[in-house]
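# Tertiary structure, described
So the chains spell out like this:
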Amino acid sequence: MGRVYNFSAGPAVLPEEVLREAADEMMDYRGSGMSVMEMSHRSKVFDNIIKEAEQDLRDLMNIPDNYKVLFLQGGASQQFAAIPMNLMKNGVADYIVTGQWAKKAWQEASKYGKAVKVASSEDKTFSYIPDCSDLPIDEDADYVYICENNTIYGTKFKTLPNTKGKTLVADVSSCFLSEPVDVEKYGVIYGGVQKNVGPAGVVILIIREDLITDDVLEGTPTMLKYKTHADKDSLYNTPPCYGIYICGKVFKWLKKQGGLEAMKDYNEKKAKLLYDFLDESKLFKGTVVKEDRSLMNVPFVTGDKDLDAKFVAEATEAGFVNLKGHRTVGGMRASIYNAMPIEGVEKLVAFMREFEKNNA
Ligand SMILES: *Cc1c(COP(=O)(O)O)cnc(C)c1O
């Protein structure tokens, strides 16, 4: 059996070209006589890999010089604690709760200080993004936190919240590098790479330098302190070397595709195919407010649990895999990240059309 169309929310599809290249270099990375998995993180060869990866990311995102790029571990979830530990100088932070990941971040932050839920869309099962143009931002809030793209529910902030001058912190795990961003609007941008960038095990954190200090909450573990990693260019301890190497390849692939502007166009084209079909379909329908639709994660339902299950089973059989919705929401979800080719979406839509005809 060949490769399938993998609509997994994460870990997720990677560019085939990247996987092939990694396969070619598996036994002997460019004359080093070893795999990247086997080499010292202090070696010259690896130093080039991590430096080049960082530079390519900086080029792609146009990251200003006063921002550090950190390659970390522990998943996005570990940042739910690290962020308040590093940034809650006044002990207050405002959270916009637009899904389970934002909610988890808010709950975790509550352990370390006053985490205020200033807006939420939980009243309608997170099917929309609340109006964030004039929120009751706390005067002494150290930061305002968002989850920019809600992987489970399929919503995305199309405009950033008005933070009233406070530092914006964003979890971009599932929309990382899917379109251009204005880094300067954020204090911290971070994400687990296993959704849209690379293999699980790497978290990339882009942070404005003035936010990296020794003034962290008492008891903050050395490994969770941003300064620890910033001072050592992500080489304080052994970083996730192989994962960083693959991320670097993905960055090069993205540059070759034309960068983030080109990715945005491509992603919009892909998402439109699917959303247009959902809007015209009599069987399938999208589950979120149109204006807030994610380009990356597209949840949909038939309205009938058994039919949903039948669809997922038949789709899997046909080579469209991992379409089952998140266990907490049910239905279906197609994650159509950067590396999902447009043919995959076209074929999925054709398959859905056929399924609709056969189940009318
Ligand atoms: C998957 C996901 C997480 C959790 O990531 P881990 O790396 O598993 O901790 C957090 N936030 C968002 C938006 C996600 O999609």
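Note: the structure precedes this text.
Given the structure is predicted, the values throughout are model-derived calculations rather than measurements. (Residues numbered from 1 in each chain as written. Predicted model: local features only at pLDDT ≥ 70, side-chain atom pairs only at ≥ 80, totals over all residues. Heavy atoms only, no water.)

Here the focus is the packing of helix H8 (residues 305–317) against helix H9 (residues 342–358). Where H8 meets H9, the axes come as close as 11 Å, and the angle between the chain directions of the two elements is 130 degrees. Here H9 runs oblique to H8, going by the angle between their axes. The interaxial crossing formed by H8 with H9 has right-handed handedness. Contact with H8, carried on its side by Leu307, Lys310, Phe311, Glu314 and Ala315, involves Leu348, Phe351, Met352 and Phe355 of H9 and no other residues of that element. Across the contact of H8 with H9, the residue classes break down as seven nonpolar, no polar and two charged. (Axes fitted to C-alpha atoms, helices over the stretch in contact; angles between N-to-C directions. Helix = DSSP H or I, 4+ residues; strand = E, 2+ residues; numbered from the N terminus. Parallel < 35°, antiparallel > 145°, perpendicular 65-115°, else oblique. Left-handed = near helix turned anticlockwise from the far one by under 90°. Contact = heavy atoms within 4.5 Å. Nonpolar A, V, L, I, M, F, W, Y, C, P; charged D, E, K, R; others polar.)

With that settled, consider the packing of aromatic side chains. All told, the structure shown has 15 aromatic pairs when counted by the stated rule. Relative to Phe355, the ring of Phe284 lies with its centre 6.1 Å away and its plane at 40 degrees, an arrangement referred to as tilted. Of this pair, Phe284 sits in the loop between helix H7 (259–280) and strand E11 (285–286) while Phe355 sits in helix H9; the two residues are 71 residues apart in sequence, bridging distant segments of the chain. We note that Phe284, like Phe355, is buried. With a relative accessible area of 3%, Phe355 lands in the buried category. Here the aromatic cluster, defined as three or more aromatic residues joined through ring pairs, consists of Tyr5, Phe7, Phe277, Phe284, Phe300, Phe311, Phe320, Phe351 and Phe355. Stacked on the ring of Tyr128, the Lys or Arg Lys124 has its end atom at 5.7 Å from the ring centre. (Phe/Tyr/Trp six-rings, centres within 6.5 Å; stacked < 30°, edge-to-face > 60°. Buried < 20%, exposed > 50% of the residue type's maximum accessible area, 1.4 Å probe, protein only. Lys NZ or Arg CZ within 6 Å of the ring centre and 35° of its normal.)

Below, the discussion takes up H9. Spanning 17 residues, H9 covers 24 Å between terminal C-alpha atoms, matching the ideal 24 Å at 1.5 Å per step. Inspection of H9 places Ile342, Gly344, Val345, Leu348, Val349, Phe351, Met352, Phe355 and Glu356 among the buried residues, and these make up the whole buried set. (Expected span 1.5 Å × (residues − 1).)

Before going further, it helps to examine the side chain of Asn86. Note that Asn86 resides in helix H3 (residues 75–87). Separated by 3.0 Å, the side chain of Asn86 and the backbone nitrogen of Tyr226 make a polar contact. Contact partners of Asn86, with chain neighbours within four places excluded, come to Asp215, Val216, Leu224, Lys225 and Tyr226. (Polar contact = N/O pair within 3.5 Å; in protein donor to acceptor, adjacent residues only side chain to side chain.)

It is worth spelling out the sheet that holds E11 at this point. Hydrogen bonds along the backbone pair up the strands of a sheet, which may run parallel or antiparallel. Ordered by their spatial adjacency, three strands build an open sheet running E11-E12-E14, and the pairing between neighbours is antiparallel. Unpaired on one side and paired on the other, E11 and strand E14 (332–335) mark the two borders of the sheet. As paired strands, strand E12 (residues 297–301) and E14 are joined by four bridges and run antiparallel to one another. Among the inter-strand pairings, Asn297 is bridged to a residue of E14, identified as Ser335. (Pairing = 2+ DSSP bridges.)

Attention now goes to the sheet that holds strand E5 (residues 144–147). In spatial order, the strands read E2-E10-E9-E8-E5-E3-E4; together these seven strands make up an open sheet with mixed pairing. The sheet terminates laterally at strand E2 (67–72) and strand E4 (114–120), the two strands that pair on one side only. Strand after strand, the sheet turns through a mean of 20 degrees between neighbouring axes, direction not considered. The pairing of strand E3 (residues 92–97) with E5 spans two bridges and is parallel. Residue pairing across strands places Asp94 opposite Val144, the latter belonging to E5. Relative to the sheet, H3 contacts E2, E3, E5, strand E8 (168–171), strand E9 (188–192) and strand E10 (203–208), its axis offset from that of E9 by approximately 155 degrees.

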